[in-house]
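These are the residues of each chain, in order.
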Number of protein chains: 2
Amino acid sequence: MAFTLDTTYAGATLAQIPALAKEAAAAHNALHAGTGAGKDFLGWLDLPTEYDKEEYARIQSAAEKIRAQSSVLVVIGIGGSYLGARAAIEFVRGQEHNRDEDFEVYFAGNSLSSAAVSRLRDYCADRDFSVNVISKSGTTTECAVVFRVFKELLEKKYGKAGAAERIYATTEYNEKKSKLYALSLAEGYALFNVPDPVGGRYSVLTAVGLLPIAAAGVDTNALLAGAAAAQSAYQSDDIAQNDTLLYAALRNLYYREDKRIEILSVMEPDFALLGEWFKQLFGESEGKQGKGLFPASTVFTMDLHSMGQYIQEGERTLFETFLTVKESPAEVRLENAAGDPDGLNFLAGKNLAFLNEQALQGTRIAHADGGVPGLLVTIDKADAWHLGYLFYFFEKACAVSGYMLGVNPFNQPGVEAYKNNMFALLGKPGYEKERAELYARLNKQD
Amino acid sequence: MAFTLDTTYAGATLAQIPALAKEAAAAHNALHAGTGAGKDFLGWLDLPTEYDKEEYARIQSAAEKIRAQSSVLVVIGIGGSYLGARAAIEFVRGQEHNRDEDFEVYFAGNSLSSAAVSRLRDYCADRDFSVNVISKSGTTTECAVVFRVFKELLEKKYGKAGAAERIYATTEYNEKKSKLYALSLAEGYALFNVPDPVGGRYSVLTAVGLLPIAAAGVDTNALLAGAAAAQSAYQSDDIAQNDTLLYAALRNLYYREDKRIEILSVMEPDFALLGEWFKQLFGESEGKQGKGLFPASTVFTMDLHSMGQYIQEGERTLFETFLTVKESPAEVRLENAAGDPDGLNFLAGKNLAFLNEQALQGTRIAHADGGVPGLLVTIDKADAWHLGYLFYFFEKACAVSGYMLGVNPFNQPGVEAYKNNMFALLGKPGYEKERAELYARLNKQD
């Protein structure tokens, strides 16, 4: 098995699964029939097989061109427009993927930090670099603002035509909706599409994720093949045959039993960004109408020495989903030490991976004994294929889980609130009324 | 003012502060009188002024020696033995502090990942490197195991005597308690002390934090001066005069009103690791006896596009502590663009820092309107002085808050649970009984 979901420590809750079989099947079938909330955003469901093959070939060529023309790729995007790609690159190539490499990938446009932007701008000034700007709407402020900065630098370095050869735009192919699309057509940037029926947090298998992932040297064929394997594996509406339903049902059962926080606990530091992707996927899909599990993530054993105490003995409103990998990519074997100065000779001859595995098993039992039920996802290898599988598994489980919770897992109405206030405070045309109201609250003069 | 705590959006809860003044004063006075729980671990209280000056001078010399002898420093520690130092280096020098630098600092021994350890080992094989191994007890498994790996590499590269010149050990000066202390004496490693009355998560201003921070080129004089300023500022037991009491009281009031999660929302990516340090400090100090706020952290505006939806509209059991910096270290000014292709010309001439500030103000209001009360900590500059101030502010507030919650904020009994299971599964001598019990539960043969 390439992927398993182990419920050994799921606790007494597990016994209620059969009672939820119908509800889970109904959610699953609503998803496939397109009869549920947010039914216009189901394009991700068959993406692993029904993607645009012509564009896919263009993505591969663009990735090659980027690596040939530049030593740095700056990926400009925020939220779903960077988390999947960054998670994939770190998962497959490691957190330190830029260390000691001729080709580097950096993520920008995911903050308004002048410290971060100016440092990267300075770094790029001396190097050949390309930009992949990613924004479905083309108007996300962080992304658009930072794109202006790097576009200006590119045009200064290479001239307008030279810059256009180094700018790759990923946006919705819609002149009315996306200003970035219109700009790209006008300037002659290479263009890639964000299909309308795919929302940001479900977009990693579109050009949004695939172009930076391919440019970073990760095998996107394998990524899609893994996702396709998951797509095929999770077609049944029978909870006994479909782990996305089992996981969705367990999450909802814990929630109904007053668990309020799910922690994704990964056993490799390279999976940390996947934890961030997971938090967006579930938090943004379910956190609405005053409902939803609060998603958190930890990296073990690292965070057993920071959050471990809370998990073991704090408020008993947690459950945990562990994620581990069976096969270790490298061997680090402990040698015998003369005199056993640290008392670790009992581990001589053991591989570090064996220690990590015992730490995982010991932690599962300790946390379950402490009142924190735990699920365990195990994959065989930390490679692109298994990551594709994981992406699809979590996406489908999230959609089903959202339906069982009674929310629309495909919208994010709450994200507008801060944006509207920010636009008003920034003096954006069209926000004059909001600005006046805010200034009145803040007792400011306009 | 170098530091302010703004309670404008703290909500109706604020009105109850006067009623908690006595309780907060009692917690504060118990801390200073040494009459509360965990009174043997109060060494951090006067560390900013009462530190060991002779050792401090040795730390500076060691930092210089490391930079002269090596291009890479590997810091081996987990939990409180790395989070403070890493937070400080990223806060002052930036998340990408190793990028394009002649001297690099990496953190290891904070996981059992063979992928991470083998990559760093390979990287160090070709370079001159030094090791700072940090473990109060000297027997923390992750740390000890990874130290074996790098010690072996050092001895292979430089011989036993050469390796000893490149190993810097930070541990408790106690032969009975710390095997690392005994080993360091025997091998002639440079030694630095973790004072007995300072627990791991309160240890950043001891050699635990100071040596790697100084080696990374951060001004430790300024760090200590900032902490000393906070120490001096927060001496009063009057809640109206002491923001550590105000913050501690507000946290406890929110908790009593059924808030369950505190989110530290920082406005700079470079503060992300400070968020992790914060999570350990509060989570490990308060998460016990089935109690305690669950600590989370987000980086804005980045995570407004992932966790923002949940914060705005999910379960209403959150409150938020924002952390921002007034002075921007660099200017990134937006230019006017011909034809205004992205509709952002209304921002022409503005600095990115102005946008970040409006995003913060807009978010504070949006979240408060959504039912999430918010506190705001503002510092003048993201430098060592202000970080020292922040470290001390949060440490003292955490101790007072823990006392108000009715727990011992200086122990971490729950951290042993996974360790005991792990030792048993690993076959550690002395854990035979636990091993037999676990194997019986797991239906395994020994």
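What you are looking at is a predicted structure, and each value in this text was computed from that prediction instead of being measured.

What counts as what
Residues numbered from 1 in each chain as written. Chains lettered and ligands numbered in written order. Predicted model: local features only at pLDDT ≥ 70, side-chain atom pairs only at ≥ 80, totals over all residues. Heavy atoms only, no water. Helix = DSSP H or I, 4+ residues; strand = E, 2+ residues; numbered from the N terminus. Rg over C-alpha atoms; globule rule 2.2 N^0.38 Å. Buried < 20%, exposed > 50% of the residue type's maximum accessible area, 1.4 Å probe, protein only. Areas by Shrake-Rupley, 256 points an atom, 1.4 Å probe, with all protein chains shown as cover. Lys, Arg positive; Asp, Glu negative; His and termini not counted. Charge placed at Lys NZ, Arg CZ, Asp CG, Glu CD. 1 Å grid on protein atoms, 1.4 Å probe; cavity = no way out; pocket = protein on both sides within 12 Å on 5 of 7 lines; lining within 4 Å. Points joined across faces, edges and corners; volume = space filled by probe spheres on them. Nonpolar A, V, L, I, M, F, W, Y, C, P; charged D, E, K, R; others polar. Contact = heavy atoms within 4.5 Å. Buried area = accessible area lost by both parts, 1.4 Å probe. Salt bridge = Lys/Arg side-chain N within 4 Å of Asp/Glu carboxyl O. Polar contact = N/O pair within 3.5 Å; in protein donor to acceptor, adjacent residues only side chain to side chain. Least-squares fit on C-alpha atoms with pLDDT ≥ 70 in both. Pairing = 2+ DSSP bridges. Axes fitted to C-alpha atoms, helices over the stretch in contact; angles between N-to-C directions. Core = buried A, V, L, I, M, F, W, Y, C linked by side-chain atoms within 4.5 Å. Domains from an automatic or database assignment. Phe/Tyr/Trp six-rings, centres within 6.5 Å; stacked < 30°, edge-to-face > 60°. Lys NZ or Arg CZ within 6 Å of the ring centre and 35° of its normal.

Next up on the list: the overall build of chain A. Of the regular secondary structure elements, chain A holds 15 helices and 10 strands. Relative to the 2.2 N^0.38 estimate, which gives 22 Å for 446 residues, the radius of gyration of chain A is 23 Å and therefore close to what a compact globule would have. Seen along its three principal axes, the alpha-carbon backbone of chain A occupies a region of about 65 × 55 × 50 Å. Counting the 446 residues in chain A, one finds 63% classified as buried. As displayed, chain A has an accessible area near 14700 Å², and 48% of this comes from carbon and sulfur atoms. Separation between the mean location of the 43 positive side-chain charges and that of the 57 negative ones in chain A comes to 7 Å.

Residue and element names in this part refer to chain A. Of the voids in this model, the second largest pocket is the one considered here, and its volume is about 940 Å³. What lines the second largest pocket is a set of 44 residues, among which Lys136, Ser137, Thr140, Gln412 and Lys419 lie closest to the centre. Among the elements of the structure, helix H5 (141-164), helix H10 (272-286) and helix H14 (415-426) are those that each provide at least two residues to the lining of the second largest pocket. With five residues, H14 is the single largest residue contributor to the lining of the second largest pocket. The residue makeup of the lining of the second largest pocket, split by class, is 15 nonpolar, 17 polar and 12 charged.

Taken residue by residue, the interface counts 122 residues in chain A and 121 residues in chain B. Ranking the residues of chain A by area buried against chain B places Arg148(A), Phe294(A) and His305(A) at the top, with a combined share of 9%. Where chain A touches chain B, the interface holds 12 salt bridges. Between Arg148(B) and Asp342(A) there is a salt bridge, with its nearest N and O atoms 2.7 Å apart. In this assembly, chain A and chain B are joined by 48 residue pairs in polar contact (both at pLDDT 80 or more). If one sorts the elements of the side of chain A that touches chain B by residue count, helix H12 (residues 352-369) of chain A sits on top with 13 residues.

The pair of chain copies shares a relation made of a rotation about an axis and a shift along it. Of the transformation superimposing chain A on chain B, the axial component is 0.0 Å and the angular component is 180 degrees, with the fit at an RMSD of 0.0 Å. A rotation of that kind, with that shift, is consistent with a two-fold axis. If distances are taken from each C-alpha of chain A to the rotation axis, the shortest is found for Ala296(A), at 3.7 Å. Mapped onto chain B, 99% of the interface residues of chain A again fall at the interface, so both copies present the same surface.

The subject of this paragraph is unusual backbone geometry. What you tend to see is this: most non-glycine residues have negative phi, and most peptide bonds are trans. Residue and element names in this part refer to chain A. Following Phe300, the chain continues into Thr301 via a peptide bond in cis, with omega recorded as 5 degrees. For Thr301, the location among the structural elements is in the loop between strand E8 (294-299) and helix H11 (308-313). If you check the backbone angles, Gln289 has positive phi at about 55 degrees while not being a glycine. By the element assignment, Gln289 lies in the loop between H10 and E8. Among the residues examined, Gln289 registers a relative accessible area of 55% and is labelled exposed.

This brings us to the sheet that holds strand E2 (residues 72-76) of chain B. Residues and elements named next belong to chain B. Pairing in this open sheet of five strands is parallel, and the strands run E3-E2-E4-E5-E6 from one edge to the other. Edge positions in the sheet fall to strand E3 (104-108) and strand E6 (190-193), since each has one partner strand and no second. Direction aside, the axes of adjacent strands within the sheet are offset by 20 degrees on average. As paired elements, strand E4 (residues 129-134) and strand E5 (residues 167-171) share four bridges and run parallel to each other.

Counted according to the given criterion, the structure contains 54 salt bridges over all chains. Residues Arg260(B) and Glu315(A) are paired through a salt bridge, measuring 3.3 Å at the closest nitrogen-oxygen approach. You can see Arg260(B) sitting in the loop between helix H9 (243-256) and strand E7 (261-266) and its partner Glu315(A) sitting in the loop between H11 and strand E9 (318-325), one on each of two chains. For Arg260(B), a relative accessible area of 23% gives the class partly exposed.

This part takes up the nonpolar core. Grouped together as the largest cluster of nonpolar side chains are 198 residues, with contacts concentrated most on Trp44(A), Trp277(A), Phe394(A), Trp44(B), Trp277(B) and Phe394(B). In contact with Trp44(B), not counting residues within four places along its chain, are Leu31(B), Pro197(B), Val198(B), Tyr202(B), Tyr392(B), Glu395(B), Lys396(B), Ala399(B) and Phe410(B). If you look at the next biggest cluster of nonpolar residues, it comprises 130 residues, including Ile365(A), Val74(B), Phe147(B) and Ala164(B).

In this section: the domain arrangement of chain A. All names here are of chain A. By the assigned domains, chain A splits into domain 1 (3-36 + 224-405) and domain 2 (47-218). On a C-alpha basis, the centres of domain 1 and domain 2 stand 30 Å from each other. With 28 residues of domain 1 in contact, the opposing surface of domain 2 contributes 22 residues. Overall, the association of domain 1 and domain 2 removes approximately 2200 Å² of surface from exposure, summing both partners, and the carbon and sulfur fraction of that is 68%. Considering only the side of domain 1, the residues that lose the most area to domain 2 are Leu224, Asp270 and Leu273, jointly responsible for 31% of the buried surface there. The interface formed by domain 1 and domain 2 holds one salt bridge in total. For the salt bridge of Glu284 with Arg201, the shortest nitrogen-to-oxygen distance reads 2.9 Å. Applying the counting criterion to the domain 1 and domain 2 interface returns seven residue pairs in polar contact (both at pLDDT 80 or more). Broken down by secondary-structure element, the contributors of at least two residues to the side of domain 1 that touches domain 2 are helix H8 (220-233), H10 and helix H13 (384-405). With nine residues, the single largest contributor to the side of domain 1 that touches domain 2 is H10. Among the residues forming the side of domain 1 that touches domain 2, the class breakdown is 19 nonpolar, three polar and six charged.

This paragraph deals with the packing of aromatic side chains. Scanning the entire structure with this criterion turns up 60 aromatic pairs over all chains. Centroid distance Phe393(A) to Phe394(A): 5.3 Å. Interplanar angle 70 degrees. Geometry classified as edge-to-face. Note on Phe393(A): relative accessible area 0%, which makes it buried. Looking at Phe394(A), the relative accessible area reads 1%, which means it is buried. When the ring centre of Phe354(A) is taken as origin, the NZ or CZ atom of Lys350(A), which lies over that ring, is 4.8 Å away. Here the guanidinium or amino end of Lys53(B) rests over the ring plane of Tyr51(B), the centre of that ring lying 4.3 Å away.

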